[in-house]
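An overview of the molecular structure
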Amino acid sequence: DMDSYTVEWRSADGVILTEAPVNAGVYEYTVIVRRLISADDPLKHEYDGEYVISGVFKIERRNVVVTVTGQTSFDYDGKEHMIDGTTDLKDVDAITGQVVEGFLPTVQVAYSSNGIVTPNMVNAGTYSLVLTIGEEYAPNYTLDTSRLSSLRVYPKPVSVTVDPASKTHDVTDGAKVCEIE
């Protein structure tokens, strides 16, 4: 006897693929199993023919957890402060716990404060990171930013020194109104 099989992969829109899919998406498959029984089959199988199994499956996008490993707060100094996507962030595949090689250099970093997105942090306030996956990773990965803490630019402390000043007015003359010149 002899068994053989073939697998046909198709994209969700029916296009036949030349190999098994590896990217996130919905796919269809058809497995065709052929069983041919030879005359000298010692098990005397009772069947012969072709069997077809079809189905649909989905490859989910991988979730990457991003955390800040660099400085998360700064004192106001009037200068631009930024998080470097390759040195101040860490990425970990949510399933394997491993770093996704080449992922972070493609991530674009911006900041949001009071609903306004800016390319850097200058003014005092609380900022949230706004991360965008590079287009080569976007089809297969999602960002989990739930572990990102807020970033802060603290107001610069201000101290004001005033020279003491006072003026004495003599109201011994019985006047009810005091005028200071």
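Just above sits the structure.
Below or above, wherever it landed, is the structure these notes cover.

Procedures and definitions
- Residues numbered from 1 in each chain as written.
- Predicted model: local features only at pLDDT ≥ 70, side-chain atom pairs only at ≥ 80, totals over all residues.
- Heavy atoms only, no water.
- Salt bridge = Lys/Arg side-chain N within 4 Å of Asp/Glu carboxyl O.
- Helix = DSSP H or I, 4+ residues; strand = E, 2+ residues; numbered from the N terminus.
- Buried < 20%, exposed > 50% of the residue type's maximum accessible area, 1.4 Å probe, protein only.
- Pairing = 2+ DSSP bridges.
- Axes fitted to C-alpha atoms, helices over the stretch in contact; angles between N-to-C directions.
- Patch = residues over 30% accessible without salt bridge, like charges linked within 9 Å, V, L, I, M, F, W, Y side chains within 5 Å.
- Areas by Shrake-Rupley, 256 points an atom, 1.4 Å probe, with all protein chains shown as cover.
- Contact = heavy atoms within 4.5 Å.

What follows is about the pattern of salt bridges. Tallied over the entire structure, the rule returns 4 salt bridges. Between Arg10 and Glu28 there is a salt bridge, with its nearest N and O atoms 3.3 Å apart. You can see Arg10 sitting in strand β1 (residues 2-11) and its partner Glu28 sitting in strand β3 (residues 25-36), a full 18 residues away along the chain. Arg10 sits in the buried class, given a relative accessible area of 16%. A salt bridge links Asp93 to Arg62; the shortest N-O distance between them is 2.8 Å. Residue Asp93 is found in strand β7 (residues 89-93), and its partner Arg62 is found in strand β5 (residues 62-68); the two are separated by 31 residues along the sequence. By relative accessible area, which is 29% here, Arg62 ends up partly exposed. Each of Glu8, Arg10 and Glu28 takes part in one network of salt bridges that share partners.

One open sheet accounts for 5 strands, arranged β6-β12-β10-β8-β9; its pairing is mixed. Whereas interior strands pair on both sides, the edge strands pair on one side only; in this sheet they are β6 (73-75) and β9 (116-118). Sheet twist, expressed as the mean angle between neighbouring strand axes with direction ignored, is 30°. Strand direction decides the pairing type here: strand β8 (residues 108-113) and strand β10 (residues 125-132), joined by 5 bridges, are antiparallel. Opposite Val109, over in β10, you have Leu131 as the bridge partner.

To continue, consider a nonpolar patch on the surface. Taken together, the side chains of Val158, Val160 and Val162 make up a nonpolar region of the molecular surface, amounting to roughly 360 Å² of accessible area. Structurally, the position occupied by Val162 is in the segment after β12 (151-154).

A few words on the side chain of Asn120. In this structure, Asn120 sits in the loop between β9 and β10. Residue class for Asn120 comes out buried when judged on its relative accessible area of 13%. When neighbours within four sequence positions are excluded, Asn120 is seen to be in contact with Glu80, His81, Met82, Tyr111 and Tyr127.

Along β7, the buried face is formed by Leu89, Asp91 and Asp93; none of Lys90 and Val92, which line the opposite face, is buried. Relative to β7, β5 runs antiparallel, the two being bridged by 5 bridges. By the bridge assignment for β7, Val65 is matched with Val92.

Let's shift gears to the sheet that holds β5. One open sheet accounts for 3 strands, arranged β7-β5-β11; its pairing is mixed. What marks the edges here is a single partner per strand, and that holds for β7 and β11 (141-144). Direction aside, neighbouring strands of the sheet carry axes that sit 30° apart on average.

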